[in-house]
Amino acid sequence: MKKIAVIASGWHFPIHFFEQISKQKMPDGWQMDLFVVSHRDPSYAIKEKKEILEKLGYSRRELYDRIMYREVATVDNIEKLGWKYILEPNTMGNFGNTNQWFSKNNYKIYDKFLLTHDDNFILSHDMFLDILPQDDWLILTNSTGNAQRRLRQWLGLSKPFSIRASFEFFTREMIDKIGGSFDMSKTTLTRE
């Protein structure tokens, strides 16, 4: 049996995201484990999202936000959907969340990983059916931005590409290549 670990950074807590990921159809021979590494209790997002939603219009993007945030998930909601909720200090987000998960879990029992923010609008239940059976990649990303420079340095690559842990798939082979965690030694930011 092959396994994927979904490791979500918890900050916004839209119920839609947690529901949609938990409902993903799995290819034969695959199973998934769901983790949210949270840097604050979801209750803090309730007031923020209420104030934002009250100001929204009805453009396509605003309608997506209305769907996504029809409810802010509680820890209980998240756990009932099959996620393991983990509260950690808010050190640096994104790869920091992932490293917090790596430090307490054996990543080698997983074949692939989805590193994601919790505020992605998931449209399909077939995403894993389309992606997991493919074996010709180490990283699949939707990211752009300055993170590509850091990733090239970590991996010793000359060909540029962008990544920021907002929604990326990694293979265990790629995690092995970077030593089982992301090198954050040059990052001085802390949000604690």
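This is a predicted model, so every value here is computed, not measured.

Engineer: Help me get a handle on the overall build of the protein, residues and values and all.
Structural biologist: When you go through the protein residue by residue, the secondary structure sums to eight helices and six strands. Listed N to C, the secondary structure of the protein is β-α-β-α-α-α-β-α-β-α-β-α-β-α in terms of helices and strands. Across the 192 residues in the protein, those meeting the buried criterion constitute 47%. Sequence-distant contacts in the protein: of pairs separated by 6 or more residues, those separated by 24 or more amount to 80%. Looking at the protein as shown, the accessible area adds up to about 10300 Å², and 49% of this sits on carbon and sulfur atoms.

Engineer: Before we move on, can you summarise the pairing of strand β4 (residues 112-117) with the specific residues and values?
Structural biologist: Taking burial as the measure, the six residues of β4 include six buried ones, the bulk of the element. Taking every second residue as pointing to the same face, both faces of β4 are buried, with K112, L114 and T116 on one and F113, L115 and H117 on the other. Both β4 and strand β6 (residues 167-171) contribute to a ladder of five bridges, which runs antiparallel. What sits directly across from F113, in β6, is F170.

Engineer: Could you give an account of the nonpolar core, with specific residues and numbers?
Structural biologist: Core analysis: the biggest nonpolar cluster contains 27 residues, and I21, W83, F128 and F169 have the highest contact counts within it. Those elements that provide at least two residues to this core are β1 (2-10), α1 (15-22), β2 (30-38), β3 (83-87), α6 (127-131) and β6. Excluding anything up to four places from it in sequence, F128 contacts I4, V6, Q24, K25, M26, P27, M32, L114, P133 and F169. F113, L115, F170 and M184 belong to the second largest nonpolar core, which has 20 residues in total.

Engineer: Explain the pattern of salt bridges to me, and be specific about the residues and the numbers.
Structural biologist: Counted by the stated rule, this structure contains eleven salt bridges. Residue E48 is joined to R40 by a salt bridge in which the shortest nitrogen-to-oxygen separation is 2.7 Å. Residue classification places E48 among the partly exposed residues on the basis of a relative accessible area of 31%.

Engineer: Describe the layout of surface pockets, with residues and values.
Structural biologist: Unfilled space is identified by rolling a water-sized probe across the atoms. Taken as a whole, the second largest pocket holds about 210 Å³ of empty space. Taken together, H12, K49, R61, Y64, D65, M68, Y69, D119, N120 and F121 make up the full set of residues lining the second largest pocket. A per-element tally of the lining of the second largest pocket places helix α3 (residues 60-68) first, with four residues. Of the residues that constitute the lining of the second largest pocket, the class distribution is four nonpolar, two polar and four charged.

Engineer: Explain unusual backbone geometry to me, and be specific about the residues and the numbers.
Structural biologist: Most peptide bonds are trans, and most residues other than glycine sit at a negative phi. Non-glycine residue F13 carries a positive phi angle of around 65 degrees. Along the chain, F13 falls in the loop between β1 and α1.

Engineer: Outline the environment of Y107, listing residues and values.
Structural biologist: Inspection of the secondary structure assignment puts Y107 in the loop between α5 (95-102) and β4. In this structure the C-alpha to C-alpha distance between Y107 and S181, which are 74 residues apart in sequence, comes to 9.6 Å. Aside from chain neighbours lying at most four places away, what touches Y107 is W101, F102, F113, R172, I175, D176 and G180.

Engineer: Which residues make up the packing of aromatic side chains, and what values go with them?
Structural biologist: Under the definition given, this model contains 19 aromatic pairs. Centroid distance F35 to Y110: 6.4 Å. Interplanar angle 90 degrees. Geometry classified as edge-to-face. Here Y110 lies in the loop between α5 and β4 and F35 lies in strand β2, a separation of 75 residues in the sequence. Y110 matches F35 in its accessibility class, with the two residues each being buried. Following the ring pairs from residue to residue traces out a cluster consisting of F35, F95, W101, F102, Y107, Y110, F113, F170 and F182. Lying over the aromatic face of W11, R40 brings its terminal NZ or CZ to 4.0 Å of the ring centre.

Thresholds, definitions, all that
- Residue numbers here run from 1 along each chain, matching the order of that chain's written sequence.
- Two thresholds apply to this predicted model, a pLDDT of at least 70 for residue-level local features and 80 or more for giving and counting side-chain atom pairs, whereas whole-chain, interface and lining totals are computed over all residues.
- The basis for every side-chain value is the complete set of non-hydrogen atoms in the structure, without hydrogens or water.
- The way it works is that DSSP assigns letters per residue, a run of H or I at least four long becomes a helix, a run of E at least two long becomes a strand, and they are numbered from the N terminus.
- Burial here depends on accessible area, computed with a 1.4 Å probe over protein chains only, as a share of the maximum for the residue type. Under 20% is buried, over 50% is exposed, and the range in between is partly exposed.
- Whether two residues are in contact is decided by their heavy atoms, any of which lying within 4.5 Å being enough.
- Here the open area of atoms and residues is found with the Shrake-Rupley method and a 1.4 Å probe, where only the protein chains shown may cover a residue.
- Think of it this way: DSSP has to see at least two bridges between two strands before they count as a pair.
- Take the buried Ala, Val, Leu, Ile, Met, Phe, Trp, Tyr and Cys residues and link them wherever side-chain atoms come within 4.5 Å; each set so joined is a nonpolar core.
- The salt bridge definition used is simple: a Lys or Arg side-chain nitrogen within 4 Å of an Asp or Glu carboxyl oxygen.
- Only protein atoms enter the calculation, which uses a 1 Å grid: trapped sets of points that fit a 1.4 Å probe without letting it out are cavities, open sets showing protein on both sides within 12 Å along at least five of seven lines are pockets, and any residue with an atom within 4 Å of a point is a lining residue.
- Grid points are joined across faces, edges and corners, and a volume is the space filled by probe spheres set on the points.
- Under this grouping Gly is polar, as are all residues other than the nonpolar Ala, Val, Leu, Ile, Met, Phe, Trp, Tyr, Cys and Pro and the charged Asp, Glu, Lys and Arg.
- We call Phe, Tyr and Trp rings a pair once their centres come within 6.5 Å, taking the six-membered ring for Trp, and we label the pair stacked below 30 degrees between planes, edge-to-face above 60, and tilted otherwise.
- Both a distance and an angle decide whether a charge sits over a ring: NZ of Lys or CZ of Arg must be within 6 Å of the ring centre and within 35 degrees of the ring normal.

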